[in-house]
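# Structural characterization, general
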Amino acid sequence: MPQVCNIGRTIFAVTEFLRTLITLKVNNKSVSVNEGTTVAAAIFVVCTDGFRRSVGGDLRGPLCGMGVCFECRVTIDGVRLQRSCNVLAANGMEVVTDE
């Protein structure tokens, strides 16, 4: 009987092998994520309470995940009001939220 290849398992093994980790800082906490991860996803890894504060002081976070709602705005490498869901995390990047 011919051996059947489990393509899902094969793809998983290849992607795990090719994974490259990068390290950035979110609110002075180091976090390592896969290359190609958005800054918003890296912020979620750190488990921050919010990305920014509204005018009324309420914590806010991403709603759409594609930059339309502007709720994911953070400071990246000193540049304010960057939409973190549209920016890929980079090695050595420094991110500051309004938590």
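Everything numeric in this text was worked out from a predicted model, so none of it was measured. Every chain is numbered independently, its residues counted from 1 as its sequence is written. The model is predicted, so local features are restricted to residues of pLDDT at least 70 and side-chain atom pairs to those at 80 or more, both for listing and for counting; the totals for chains, interfaces and linings are taken over all residues. Side-chain numbers here rest on the full set of heavy atoms in the structure, without hydrogens or water.

## Let's talk about the overall build of the protein chain
Where helices and strands are cited, they refer to DSSP runs of H or I of at least four residues and of E of at least two residues respectively, numbered from the N terminus. Within the protein chain, the regular secondary structure consists of two helices and seven strands. Counted from the first residue to the last, the protein chain has its helices and strands arranged as α-β-β-α-β-β-β-β-β. For the protein chain, with 99 residues in total, the buried portion stands at 29%. Sequence separation of 24 or more characterises 38% of the internal contacts of the protein chain that already satisfy a separation of 6 or more. Methods summary: accessible areas were calculated by the Shrake-Rupley approach with a probe of 1.4 Å, and residue burial reflects only the protein chains presented. Element-wise, carbon and sulfur atoms account for 55% of the exposed surface of the protein chain, whose accessible area totals about 6700 Å². Summary of the burial criterion: residues with accessible area below 20% of their type's maximum are buried, those above 50% are exposed, and those between are partly exposed, where the area comes from a 1.4 Å probe applied to protein chains only. Should any heavy atoms of two residues lie within 4.5 Å, those residues are considered in contact.

## Here we look at the packing of aromatic side chains
Stacked, tilted and edge-to-face are the three classes assigned to paired rings of Phe, Tyr and Trp, where Trp is represented by its six-membered ring and a pair needs centres within 6.5 Å; plane angles under 30 degrees give stacked, over 60 edge-to-face, the rest tilted. Tallying each qualifying case throughout the model produces one aromatic pair. Ring geometry for Phe 44 and Phe 51: centres 5.3 Å apart, planes at 55°, overall tilted.

## Focus on the environment of Val 39
By the secondary structure assignment, Val 39 is in helix H2 (residues 39–46). Remark: the alpha-carbon pair of Val 39 and Ser 84, spanning 45 residues in sequence, is separated by 5.0 Å. In this structure, Val 39 is in contact with Ile 76, Ser 84, Val 87, Leu 88, Ala 89, Met 93 and Val 95, ignoring residues within four places of it in sequence.

## Notes on the side chain of Glu 71
If you trace the backbone, Glu 71 turns up in the loop between strand S4 (59–60) and strand S5 (73–76). Overall, Glu 71 belongs to the buried group, its relative accessible area being 10%. In this view, Glu 71 contacts Phe 51, Arg 52, Arg 60, Gly 61, Pro 62 and Leu 63; residues no more than four positions away in its chain are not counted.

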